[in-house]
Each structure stands twice: as C-alpha cells, then as structure tokens.
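What the coordinates show
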Amino acid sequence: MAVLWLDDVSADDLDTVGGKGASLGELTAAGLPVPPGFVVTAGTYRTFIEEAGIDEELFAAMDIDPEDSAALREAEETARDLILGTELPESVREEILDAYRTMGDDGDEAFVAVRSSATAEDLPDASFAGQQETFLNVREEALLERVKECWASLFSQRAIYYRQRQGFPHSEVDIAVVVQRMVDAEKSGVMFTSHPSTGEPEIIIEAAWGLGEAVVSGSVSPDNYVVDRETATVDEVTVADKKILMEKDPETGETVTRDVPEDRREARVLSDGEIERLVELGRRVEDHYGNPQDVEWAVYDGEVYMLQSRPITTISDSADGAGTTPSSTERAAAATDAIDADGSGTGAKAGGGTEDDDVLFRGLGASPGIVSGEVRIVTKLDHLDQVAEGDIIVTEMTMPDMVPAMKRAVGIVTDEGGMTSHAAIVSRELGVPAVVGTGSATSALSDGQVVTIDGDKGTIRQGRATQEEEEYEPVEAVRPETPVKPMTATEVKVNVSIPEAAERAAATGADGVGLLRIEHMVLSLGVTPEKYIADNGADAYVEELVDGIREVAEEFYPRPVRARTLDAPTDEFRELEGGEGEPNEHNPMMGWRGIRRSLDKTDVFRQELTAFKRLYEMGYDNVELMLPLVNDAADVEAAKRHMEAVGIDPVKRRWGVMIETPASALAIEELAECGIDFASFGTNDLTQYTLAVDRNNSNVADRFDELHPTVLTLIGDVIETCRELDVDTSICGQAGSKPEMVDFLVEEGVTSISANIDAVRDVQHEVKRTEQKLILDDVR
Ligand code: PEP
Ligand code: MG
C-alpha cells in the first residue's frame, strides 16, 4: 500500500507516516476537524529507490567532504536528478492519483497541500533537518512531481551536510509525504489553549481575514480574543484594523496578498458561535495532549478546521505573568527627532552658532573625517541608484537597505538620528564620514550642490575642502602598525553591525567582537523576517543569518564573537516590505523589541537560534549568543528553553544577556542562576531607561548621560555581584568608547570592553593606563 488515509493513522505509525502525518492522524482519530488527506508512506519512498535501483548510486553520491560546498551542491543535484528523473512505478502512480481524485468535490479537482513528513529514524534534530519541502495549492497535474520533490528534499545540501557531520548514514533516513486538502480559509488564525506566558486557563485567539499565513507571518495585526477556558466567557475583545489579507488567486492558484475591503477592515472577525466552537476544540486538543497547545485553525464554509497543533513552549515555570501579547504594546507618546546621544552637547541645532562663515548648518559628528562631494538627496529607496561614487548622501534617516549606496558614497548626512542611530553605526563601521541629526539637511541642501562635511565637528559647509583638510584616512590606517596593541588584563573588543565591516574591525587587533547586531543583517533583507520566511522559507532565512554571522566569526576566529538575537524596534520593521502590519507604537524604544518580541514570535526566534546551532555545527565554536533587553529570569529561562528546543546545549555553549534595563541590573543574581556566562552592559538603553530619557529625542538629549551616578551605581553593583558569582561582565554600548567610562569599568573590574572600530586603539591604551595606575597605586 503506497498510501494511508489520515483516518487510519495513529501515533504508533510514526515510522510509516513521519511526525507530521502521525500528529494529523492523531488529531483526526481524536475526532477533531482536520482537513481530509492521506500519507504517501515512507515505505513507498524506500521501495521506489530500491526497485528502481537508484539507491546505491544515491547514497554513494553523498560520500563527500561536508565542508566542500561545491561537492555539497553536486551531491544535492545528483540526488535531485536521480529521484526526479526516475519514473514512479505504475501501481504507485495509480494509487496516489486514485486517492487524490476522491478528495475533489463534485468532480472538481481538489487543491491540496503536499508536505514532507520526516520519520522517526530521521535526524535527532528534526527542527534543523526536518525542514524539507512543502507545496501549497497543488493539483493533479503537478502532484506526483511534488511528491518526488519532497523525497528529493531529503537530500538538500543542508541535510547532507548535517548527516555527514553527524556520521548519520544517509541510507537510514526515510521520508513520508502528507497530501491534504487545502482549506480556502475565509478567516483564520492561531489559538493558545492556555495563556502563552503565564499558563493560566485562558484561551487566547488571534483572528484575521483570509489565509492563516498573514497571521502567522505577522503581516497583519489580528483581532485578539481572551476567553476564560472554564466558563467560556469572552473577557476581552480587541478588534484590530486589518489592512491586508492573503488568499488563493482563483485563476493561478497562488497565494496573493490583497487589501481588506473597507467595510471589513475594522469589523470583528469571529462571531460568538465561532469563538464557542474554537474554545470547545481548544479544550479538547489540550485534554488530548495533556498540555497547552498552540493551534492553527481556519474557518471555511461555516466549519472550523484545525490545521496544526504544537505544544506551547513559552510558558514560564514561575508563571508570574511576565510577557505581553502583541496587541498590548502601544505605549506613551514621545517625539522621535534628532538627538545627541553622546552627551557631547553638540546637539543638532540647524542654523545654530556659526564660528565659520561657510558653515551652512550643523548636526552630530557621527563618523570622523572631512570630505567634499556633490549632494545626492535620497528620499525614496528607488533614488539609491542615483548615488554615484564620490557623492554625499543626504537623507532623512538611513535605512538598512541603503548600505550598498552608503558604501559608494564619500559622506553621509541625515536629518534625524543620533550617535546610536543606524546611520551613525554603519557609517562608522564603513569608515565613511557622517553628520547625523541635522534636522534640515534634506530641505536645506539641493541635489548636485557641492558641500564639505566634517564628521568630527558635525558641520556642513558650502564648497570644497582644501586638499589638506580632506586628507582623511580611517583612524586605524593612519596609526602606526607597531607597536601593536598593548597587553591588557581587561579584554578590549569591538562592536560590529554589518558583516562588511568585519575585516576593518579585525584589523584593530581587538580581542573579539563584543556585540554583533544581527538586526542590520535582517533589516538589510528589505523585508520583515516574517515576510522573508513566508516568501522564501525558513531555511533561506536561517541561511542569511548563518552567512552574515559566519563572515564575522570567520574573520575573528578563534577570537570570540558575541552575536545578539534580533533587537529591532517596530518603527524600523515598519519601513520594510511586509511591515504594514507592525503595531504603531508611540514609543518603540519601550515597545515590542528584543527578547519581548522574540518570545512572542517564537517561530522567527527559533530560526535565529537554528542559525546559531548551524554555526556551531560548522565548527564556529567562537560564536557566543547574547539575549537583548531581558528584564528577569523568566525572560532568560524562556529563551533558554527555546535554545534547548532547537538543540543548543546552554551548558556547552557560551551565552549571556545584555544588561539594558534597571530591572535586569537589579535582578543580576537571578539572571546568574540561569547559567549565563556573561552579562554585557548596553549603556545606550540602560541610560535611557534609568534616566527616562528617550535616546532618540533631541528635546532631552542634554539629559542623556551614561556617566550619571545612578547608571554607574547599577553598573558597579552588577560587576561586583558577577565577580562573586564568576560571571564575566562587559560593555557594548556606545559609552564603552569613552575614556571616563573605560576608567570606571577597569577600576570596578570589568572583564571586557567593546568599543567602536575607530575607538578600539584609544581604548586599548586607556585600559593599559588605568590598569598600570591601579597596580602602581597598590604597590605604593
Ligand atoms: C545598548 O543598548 O547599549 C546596545 C548596545 O544595544 P543597541 O544600541 O543596539 O540598543
Ligand atoms: Mg540596546
């Protein structure tokens, strides 16, 4: 028998139907409304390769060096050619097609989903290697080909690589394929059968129009319903403005995104009856499995269907109510404007005091150097092509997809942003002089105008600089190569945000990377992670992260590279394709970012963690994982469970947290108990949250003081506790580049200091001086 109907499958059939098939079979057997379908069994695949006599050739082709990427590609191609190029036996073809044909209504061809379902003997880490193909909206014409493509996906480069590394025989892996009727959802969403953070008996339902992909990928803000599981009373209904929906194009069968008709945008998605039905199903599925479930559901023609059910892994043991749902993230108002986050008092005052007659206006000197060039005003992304070598980009605010143009430019000027803005960070790393937060550059300058910018003083002047003035080279290039960096007990590391800067960063002689911000890699994809995954698959997303982090890890190996999981605020995500559904937060700095978002959007978070896992498997044991914006042990424990779930061993790997909120500083003991190896001060955030000064708000920029005694008290106390508990400490905020902060930290006994590329050399010397002074003070 080549196929088994889901009705006839039970959990005991794992070997025959794989994980997905078994779980759908189990739900079907429990009487839950699962769309009908069948499984092309693992045995069918096995018989196919054996009877066609391609098995030996197939497995022999896999015997390669997994580190040789050309060989990997070739092995994948060979497998595809062998599997796709071999005819299915007539009996198997007939059986699959016969089963398929019974699924259509009234003689119409059914649209089906064709999904790989790996079997129990497959790799121990299914979350990594189990990501074989899935195809939606398939019809008879393509069905058999798609089944074979699922089989071939057992030999993706990644899967081959993984098995070779693990010494897992390719011949022992089987694959089943689920063929299931698609539900043309009129409405759909997710349901947590218990509160996803606290575990309380509250059912939370999120619902939007059309196919569930829109909700799962985060491209639409769904309605949110909170229901008491015991009494089934609806406690809370939040109706969202649902701008888009996804549906099947009736012509092509492809999934398309459309605007929601005006009259349905702010209409409530679920009726009381539908909520009742969902609650009933929620109770049943939780009873069936014996633990809280995260269910994907869809409504079609008045019926509620269950598409998938997984255990919820985010419930904290202490269940203390930490964590929020996305719909509760709107915060108090605060302006976002030009800032002066370095406390240097050079705040962006357009048209302010001119000690030099030529000075048109000023901003913050964000990346040093004096350059002249023609102004190129960029207001839209499609203007980027017009930026030529030698131009000065003038823009409201740089965005990650501008990086290629920023590399061509000789200078960068922005209206908005401060010393920790994207423009400032990236231009420093690229070694391109920049003035940020001018307030008015895009309106005060005109295209083609020749100006000179001074990235130290923060000035924009009319006309060209003298040759002498312009002879600027990146700071590490003009310093003598020898004597090389001084030996210090305190490690001096470097911050990196764009992989392109890795070489420059490594050339500073830094002891490693204290902060690699992966959000710049993610944002440079130009689409939100959710949309990227929806369009290209989770694998491709993981691949992007692996490539970016690897570039830096390779450059520094074996020096450690501390890569941080995603921490981009919603306003940055909103600029991206797919960002329409991001919540409109009044103060994104205090909103849905960092670990908060990751623990709500675990599907995306898991992919990030999978990238780390992959890097470890590739041998990059110098990669360390850092969690942003944690508040307490509940945050860290939840993240740790996800690490474990993807197969990262927190005992074996070095990982830690950022100390960016007063809460995390005050909770350092309980954080240490979670098993962290290090705590790293993110003083940009720690300062803003301690002093209640928005780091992006120019009105209060003069109050942004990383050396404020209260900030220093928090830092000093954390270092003291960590020294007692044998946890390393470091700084990776902007203040790590300031001599006063360096002196303070060395005196307190910090383990490492991470500075901007251009500040590394100075910090190395400052550390040396302070250490020597301490030793001398001691002996005197
Ligand atoms: C910080 O908060 O100091 C930090 C390094 O993180 P980011 O600037 O990316 O928020
Ligand atoms: Mg931060």
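Here, every reference points to the structure presented above.
Every chain is numbered on its own, with residues counted from 1 as its sequence reads. Numbering of ligands from 1 and lettering of chains from A proceed in the order in which they are written. Only residues with pLDDT of at least 70 are given local features in this predicted model, and only at 80 or more are side-chain atom pairs given and counted; all residues enter the totals for whole chains, interfaces and linings. The side-chain values count all of the structure's non-hydrogen atoms but skip hydrogen atoms and water molecules.

Read around the closed barrel, the eight strands follow the order β22-β23-β24-β25-β26-β27-β28-β29; overall the barrel is parallel. Across this sheet, the average inter-strand angle for adjacent strands is 30°, counted without regard to direction. Whether two strands pair depends on DSSP finding at least two bridges between them. Secondary structure counts use DSSP, requiring at least four H or I residues in a row for a helix and at least two E residues in a row for a strand, with both numbered from the N terminus. Here strand β28 (residues 728–731) pairs with strand β29 (residues 752–755) via two bridges, running parallel. Within β29, the residue paired with I731 across the bridge is I753. When checking whether two residues touch, look at their non-hydrogen atoms; a contact exists if any pair is within 4.5 Å. Working convention: axes come from line fits to C-alpha atoms, limited for helices to the stretch in contact. Angles between N-to-C directions cover 0 to 180 degrees. Those strands touched by helix α24 (residues 633–646) are β25 (623–627) and β26 (655–659), and its axis lies near 150° from that of β26. Against the sheet, helix α28 (residues 709–725) contacts β27 (678–681) and β28, and its axis sits at roughly 165° relative to β27.

What follows deals with helix α20 (residues 538–556). The end-to-end C-alpha distance of α20 is 27 Å, a good match for the 27 Å that 19 residues give at a rise of 1.5 Å each. R550 marks where α20 bends most, by close to 25°. Partly exposed describes any residue whose relative accessible area lies between the buried limit of under 20% and the exposed limit of over 50%, with all areas from a 1.4 Å probe on protein chains only and scaled to the type maximum. Three or more residues of α20 are buried, namely A538, Y541, V542, L545, V546, G548, I549, V552, A553 and F556. To estimate the expected span of a helix, count its residues, drop one, and scale the result by 1.5 Å. To get the bend at any residue, fit one axis to the seven residues that end at it and another to the seven that begin at it, then take the angle between the two axes.

What follows concerns unusual backbone geometry. The amide bond that connects Y557 to the next residue, P558, takes the cis arrangement and shows omega of 5°. On the secondary structure map, P558 appears in the loop between α20 and β24 (561–564).

Let us look at the packing of helix α23 (residues 602–617) against α24. Viewed as axis vectors pointing N to C, α23 and α24 meet at an angle of 60°, and their least axial separation amounts to 9 Å. On the basis of the axis angle, α23 is oblique to α24. Between α23 and α24 lies a crossing whose hand is right-handed. Between α23 and α24, the residues in contact are T602, F605, R606, L609, T610 and K613 and A639, H642, M643, A645 and V646, respectively. Put simply, angles under 35 degrees are roughly parallel, angles over 145 are roughly antiparallel, angles from 65 to 115 are roughly perpendicular, and the rest are oblique. Crossing chirality is assigned from the near helix's rotation relative to the far helix, an anticlockwise turn below a right angle marking it left-handed and a clockwise turn marking it right-handed.

Next up on the list: the packing of aromatic side chains. Only the six-membered ring of Trp is used, alongside the rings of Phe and Tyr, when aromatic pairs are assigned; centres must lie within 6.5 Å, and planes under 30 degrees apart are stacked while those over 60 apart are edge-to-face, with the rest tilted. According to the stated counting rule, one finds five aromatic pairs in the structure shown. Aromatic side chains Y557 and Y620 sit 6.5 Å apart centroid to centroid with 80° between the ring planes, which places their arrangement in the edge-to-face category. Here the residue Y557 occupies a position in the loop between α20 and β24, and Y620 occupies one in the loop between α23 and β25, the gap between them amounting to 63 residues. Since its relative accessible area comes to 7%, Y620 is described here as buried. One aromatic cluster is present, built from ring pairs that chain together Y45, F48 and W151.

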